[in-house]
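# Descriptive analysis of the structure
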Amino acid sequence: MMHETLTILGIESSCDDTAAAVLRMGATGAEILSSVVLGQGALHAAYGGVVPEIAARAHAEKVDVAVRAALVQAGVALAQVDAVAVTAGPGLIGGVLAGVMCAKGIAAGAGLPLIGVNHLAGHALTPRLTDRVGWPYLMLLVSGGHCQFLTVAGPDSFTRLGGTIDDAPGEAFDKVARLLGLPQPGGPEVERAAEGGDPARFRLPRPLLDRAGCDLSFSGLKTAVLRARDALIAEKGGITRQDRADLCAGFQAAVRDVLAEKTRRALAQTGAPVLAVAGGVAANGAIRAALNEVAEAHGARFVAPPLALCTDNAAMIAHAGGALFRLGRRDDMTLAARARWPLDTASPAMLGHGKRGAKA
Ligand code: KG4
Ligand code: ZN
């Protein structure tokens, strides 16, 4: 199929990163001309999590700064842009609104088409941007706010095979770090602490392995770590560095085992030729190695985009928006910001969602 070259401006503001990017999509692939991510970590640090009101205000203040920087870095004038793609959900509503309002202003002012993009579709389509994988493929999204398996068969064709019924795994890593006095974000800290630990010392559960299918749960695992810590404190008045290493190693091994087994099932169920992962938790060496091994055993190709494109960014939104644009999708000034927006509307709603915002 021949395609004209498109230049897309992407905007993302659904959680705690204000991002803008310019993407050029040609016939055979896309090139990221710029990708600006203004993190809000420092603003939320004192609160131990993302505060929605603070996030919304910071997005409203910074989104036009991010857009201007993305255009300047790309060396592209607004007149050269073909369409504006913006995250319209799911996420923290105040932040999503700030991005949607900005995109509407630019689209109306410059007379450009507007495309509302599902944030999860942005993540889920990233392996096509980075590795040009063909349809269909199996996608595992694992971050602080997301955890689900999807079969991706087109820019607007997602089948959800399963997901977490409570916490996202990154959220569990962050909570375990907090329980053990390690700084945030907890994932990398727990991984480092686990290096010198014995994963077999504490008998931690492997939640939902006894239940058929691909749903996951991480809340009970976090509670088990809390109990084990409290038992140590009750016994000897505190925990040693070795205790902490053993708890981290045990917790990480449990998350790894659960993700590996559910991925095995998802691959067996779908026979997908590619397993792709995205999200901060995919940065974990032990988890990554286990998923790679599972893919290999099924004869599937393992694709893990570079971390900067695995975590929240606007290049993925521009890319998903461009793919939808080619399908003929256009939104207008009635485009609404949505706190919840499941990718697969045919699947039943999940019971829980990440505490960082309703991620459907
Ligand atoms: O995708 P991401 O940057 O942001 C969203 O959640 O949207 O993911 C961040 C999450 C945090 O919970 C962080 O602790 C976790 O990913 N994470 C990790 C590692 N690096 C980041 N978890 C486990 N091991 C890691 N090495
Ligand atoms: Zn995300």
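A brief report on the enclosed structure follows. (Residues numbered from 1 in each chain as written. Chains lettered and ligands numbered in written order. Predicted model: local features only at pLDDT ≥ 70, side-chain atom pairs only at ≥ 80, totals over all residues. Heavy atoms only, no water.)

### What about the coordination of the zinc ion (ligand 2)?
This is how it is decided: Only N, O and S atoms count as donors, using a 2.8 Å cut-off from the metal and 3.2 Å for Na, K and Ca, and because water is excluded some sites may appear unfinished. In short, tetrahedral needs four donors with all angles between 85 and 135 degrees, square planar needs four and octahedral six donors with opposite donors over 155 degrees apart and all other angles between 65 and 115, and whatever is left is irregular. Numbering goes from the N terminus for both helices and strands, where a helix is a DSSP run of H or I of at least four residues and a strand is a run of E of at least two. Only protein chains enter the area calculation, which uses a 1.4 Å probe; residues under 20% of their type maximum are buried, those over 50% are exposed, and those in between are partly exposed.
Binding of the zinc ion (ligand 2) to the protein goes through His119 (NE2), His123 (NE2), His146 (NE2) and Asp312 (OD), at separations of 2.1 to 2.4 Å. Each of the 4 donor atoms bound to the zinc ion (ligand 2) contributes to angles spanning 88 to 159°, and the resulting shape is irregular. Read from N- to C-terminus, the donor residues coordinating the zinc ion (ligand 2) fall into the pattern H-x3-H-x22-H-x165-D. Of this pair, His119 sits in helix 4 (residues 119–131) while Asp312 is found in the loop between helix 10 (307–310) and helix 11 (315–326), placing the two residues 193 residues apart along the sequence. As far as the burial class goes, His119 and Asp312 line up, both buried.

### Digging into the environment of Ala260
Applied cut-off: By definition in these notes, contact holds between two residues if any of their heavy atoms fall within 4.5 Å.
Mapped onto the elements of the fold, Ala260 is located in helix 8 (residues 241–270). For Ala260 and Ala110, which are 150 residues apart along the polypeptide, the C-alpha to C-alpha distance reads 48 Å. Once residues lying within four places of it in the same chain are set aside, the contact partners of Ala260 are Ala290, Leu291 and Val294.

### Some points on the packing of helix 5 (residues 169–179) against helix 7 (residues 219–236)
Operational definition: Angles run from 0 to 180 degrees between N-to-C directions of axes, and those axes are lines fitted to C-alpha atoms, restricted for helices to the stretch in contact. Working rule for angles: under 35 degrees goes down as roughly parallel, over 145 as roughly antiparallel, 65 to 115 as roughly perpendicular, anything else as oblique. Three residue categories are used. Nonpolar comprises Ala, Val, Leu, Ile, Met, Phe, Trp, Tyr, Cys and Pro, charged comprises Asp, Glu, Lys and Arg, and polar comprises the others, including Gly.
Across the interface, helix 5 lies against helix 7 with an axial gap of 10 Å and an inter-helix angle of 10°. Considered as vectors, helix 5 and helix 7 are oriented roughly parallel to each other. Contact with helix 5, carried on its side by Lys175, Val176 and Leu179, involves Lys222, Val225, Leu226 and Arg229 of helix 7 and no other residues of that element. Broken down by class, the residue content of the contact of helix 5 with helix 7 amounts to 4 nonpolar, no polar and 3 charged.

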